[in-house]
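The primary structure of each chain is shown beneath.
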Amino acid sequence: MTTAKASVLEQFKAPLALRNYEVPSRPEPGAILVRTEMAGICGTDVHLWKGELTIALPVILGHETVGRIEALGDGIERDWSDQPLQVGDRVTWSPGLTCGVCFYCAEKRIPTRCVNRRAYGISQPCNHAPHFLGGYAEFHYLKPRSTIFKLPDDLRTESVIGAGCALNTALHGVERTGIGLRDIVVVQGAGPVGIAALAVAKSAGASQVIVIGAPKHRLEMAERFGADHVIDIDQVRTPAERIAAIRDFTRGYGADVVLECVGMPPAVVEGMEMCRDGGKYLVLGHYCDAGTVAWNPHIVTRKQLSVFGSWSSEPRHMKMAVDFLRATPNQFPFAEMVSHRFSLEQTNEALATSASGEATKSAIVPTLRWD
Ligand SMILES: [Zn+2]
Ligand SMILES: [Zn+2]
């Protein structure tokens, strides 16, 4: 019997435990066994660890993963975009598994809201075989109907992990909102989603992108990604001052589009004030329920705002992300986002660097051991 290690969330807010599970000897038809090369730590993992989303435990966290194919089940020969697959190929995959037949999948065509949706590293408990259903482990099992993408040789693993699910999320959110040519865009938040939203907004034709956030190293990264202006919330401390700063950049009118990538409710109230009349506002950062906030709906009517929401991403956004990363490695250096690397034994330390904001992006690089 071959076993391999996984870092497991068994109890919310408690340290993850290193466990050994049996590696499936042969994937079932349509499934793939992957040897994990690198797994990104997403901000969502910190929220999951704290118990801020209702999920069943135990679970192997990690929904941003790159690995090499170890074994292919019968009948799976091609990836989602019709590339041939072989043992040894480097791949990534969408975390979400959808049913394809429910009301939202089939009739309304919004698979992100599939009523049977399960996500690797989030809602796939690991106490039963095939166990390896999250990224913080030496292996990852990809069930039949997973959406898998073979990575081209000229696309670095660090680019894929540095972009993480943030780029897919930003592509989906900006697509839903729409950015017009020469629009002035404000991005609230300089974490991975904010940086990705900046990159997507630039590519979508924005004339100026203004990023609001902290700490300093994240704003410097925003500048590396082409932010035209940054506003440091540690320096410009009140919403009124920040709204005034945006007015100064926009001839007094406000921005055409404001993208919320913060996840804190007061940011939404502030961000809507930053929109020009007839502008657009996207609530992208509230993947977890961060509570309520007092808010006056008059602003939506008076300003004729269009307000959008966007949840996670579809497989086609991951395809877009792979193409995007491959086309723009110098303009948008996502590989440089990976600031900290940890072994599987150091997963708790890795989570702490993400929780504190010390890391731009942390990643787990499992070291293999056979028992
Ligand atoms: Zn994520
Ligand atoms: Zn469905």
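Residues numbered from 1 in each chain as written. Chains lettered and ligands numbered in written order. Predicted model: local features only at pLDDT ≥ 70, side-chain atom pairs only at ≥ 80, totals over all residues.

Let's shift gears to the overall build of the protein. Check the secondary structure of the protein and you find ten helices and 18 strands. Relative to the compact-globule value of 21 Å for 371 residues, the protein shows a C-alpha radius of gyration of 21 Å, a close match. Along the first, second and third principal axes, the C-alpha atoms of the protein reach 70 × 40 × 40 Å. Within the protein, the proportion of its 371 residues that are buried is 48%. Relative to all contacts within the protein whose residues are 6 or more apart in sequence, the contacts with residues 24 or more apart total 69%. (Helix = DSSP H or I, 4+ residues; strand = E, 2+ residues; numbered from the N terminus. Rg over C-alpha atoms; globule rule 2.2 N^0.38 Å. Buried ≥ 20, exposed ≤ 12 C-beta atoms within 10 Å, placed from the backbone. Contact = placed C-beta atoms within 7 Å.)

Bringing the domain arrangement of the protein into the picture now. Structurally, the protein comprises domain 1 (3-156 + 329-364) and domain 2 (165-309). Between the C-alpha centres of domain 1 and domain 2 there is a distance of 29 Å. Across the boundary between the two partners, domain 1 contributes 16 residues, which contact 14 residues of domain 2. The class makeup of the residues in the side of domain 1 that touches domain 2 is six nonpolar, seven polar and three charged. (Domains from an automatic or database assignment. Nonpolar A, V, L, I, M, F, W, Y, C, P; charged D, E, K, R; others polar.)

A word on the nonpolar core. V185, A197, L198, A201 and V211 are the most contacted members of the largest nonpolar core, which totals 105 residues. Tallying contributions element by element places helix α3 (residues 157-177) first for this core, with nine residues. When residues no more than four places from it in sequence are discounted, the contact partners of V211 are V187, A190, G194, L198, L219, A222, A227 and V230. (Core = buried A, V, L, I, M, F, W, Y, C linked by C-beta atoms within 7 Å.)

With that settled, the discussion passes to the packing of α3 against helix α4 (residues 192-203). Across the interface, α3 lies against α4 with an axial gap of 8 Å and an inter-helix angle of 50°. On the basis of their axis angle, the class for α3 and α4 is oblique. The element α3 and its partner α4 pack so that their crossing is right-handed. Across the interface between the two elements, A163, G164, A166, L167, T169, A170, L171, G173 and V174 from α3 touch P192, V193, A196, A197, V200 and A201 from α4. For the contact of α3 with α4, a count of residues per class yields twelve nonpolar, three polar and no charged. (Axes fitted to C-alpha atoms, helices over the stretch in contact; angles between N-to-C directions. Parallel < 35°, antiparallel > 145°, perpendicular 65-115°, else oblique. Left-handed = near helix turned anticlockwise from the far one by under 90°.)

Our next topic: the sheet that holds strand β1 (residues 3-9). Strand order across the open sheet formed by three strands is β2-β1-β4, with antiparallel pairing between neighbours. With one partner strand each, in any of the chains shown, β2 (17-22) and β4 (59-60) form the two edges of the open sheet. Where β1 and β4 come together, two bridges link them in antiparallel fashion. Its bridge partner lying in β4, V8 is registered against I60. (Pairing = 2+ DSSP bridges.)

Below, the discussion takes up α3. For α3, spanning 21 residues, the distance from its first C-alpha to its last is 29 Å, which sits close to the expected 30 Å at 1.5 Å a residue. At G164, α3 is deflected by roughly 65°, the largest bend along its length. Counting buried residues along α3, 18 of its 21 residues qualify, which places the element largely inside the surrounding structure. Following α3 by one or two positions, G178 has its phi on the positive side, about 80°. (Expected span 1.5 Å × (residues − 1). Bend = angle between axes of the 7 residues up to and from the residue.)

The next thing to look at is the environment of C99. Following the sequence through the fold, C99 ends up in the loop between β7 (96-97) and α2 (103-107). C99 sits in the partly exposed class, given 15 other C-beta atoms within 10 Å. Along the sequence, C99 and E22 sit 77 residues apart, while their C-alpha atoms lie 27 Å from each other.

Read across the sheet, six strands follow the order β13-β12-β11-β14-β15-β16 without closing on themselves; strand pairing throughout is parallel. The open sheet has two edge strands, β13 (229-232) and β16 (306-309), and neither has a second partner. Each strand axis lies, on average, 15° off the axis of its neighbour in the sheet, ignoring direction. Relative to β13, strand β12 (residues 208-213) is paired through four bridges, and the arrangement is parallel. Residue pairing in the sheet places I212 in a bridge with I231 of β13. The strands touched by α4 within the sheet are β11 (184-188), β12 and β14 (255-260), with β12 carrying the most contacts at an inclination of about 175°. On the sheet, helix α7 (residues 265-274) packs against β11, β14 and β15 (275-283) and is oriented at approximately 165° with respect to β14.

Regarding helix α5 (residues 216-224), the residues found buried are R218, L219, M221 and A222. Taken around the axis of α5, the buried residues stretch over an arc of 155°, which confines them to a single face. (Arc of directions from axis to C-beta.)

As a further point, take the packing of helix α6 (residues 239-249) against α7. Running from amino to carboxyl end, α6 crosses α7 at an angle of 30°, the nearest separation of the two axes being 9 Å. Here α6 is positioned roughly parallel relative to α7, judged by the angle of their axes. As α6 runs across α7, the sense of the crossing is right-handed. On α7, the residues touching P239, R242, I243 and I246 of α6 are E270, E273 and M274. Looking at the contact of α6 with α7, its residues break down into four nonpolar, no polar and three charged.

Now for the pairing of β15. Most of β15 is tucked away, with seven of its nine residues classed as buried. The pairing of β14 with β15 spans five bridges and is classified as parallel. From the neighbouring strand, E260 faces β15, where its bridge partner is V283. What joins β14 to β15 is α7, and the crossover it makes is right-handed. Pairing analysis gives four bridges linking β15 to β16, with the strands arranged parallel. Directly across from Y281, in β16, lies its bridge partner V307. (Right-handed = clockwise from strand over helix to strand, strands pointing away.)

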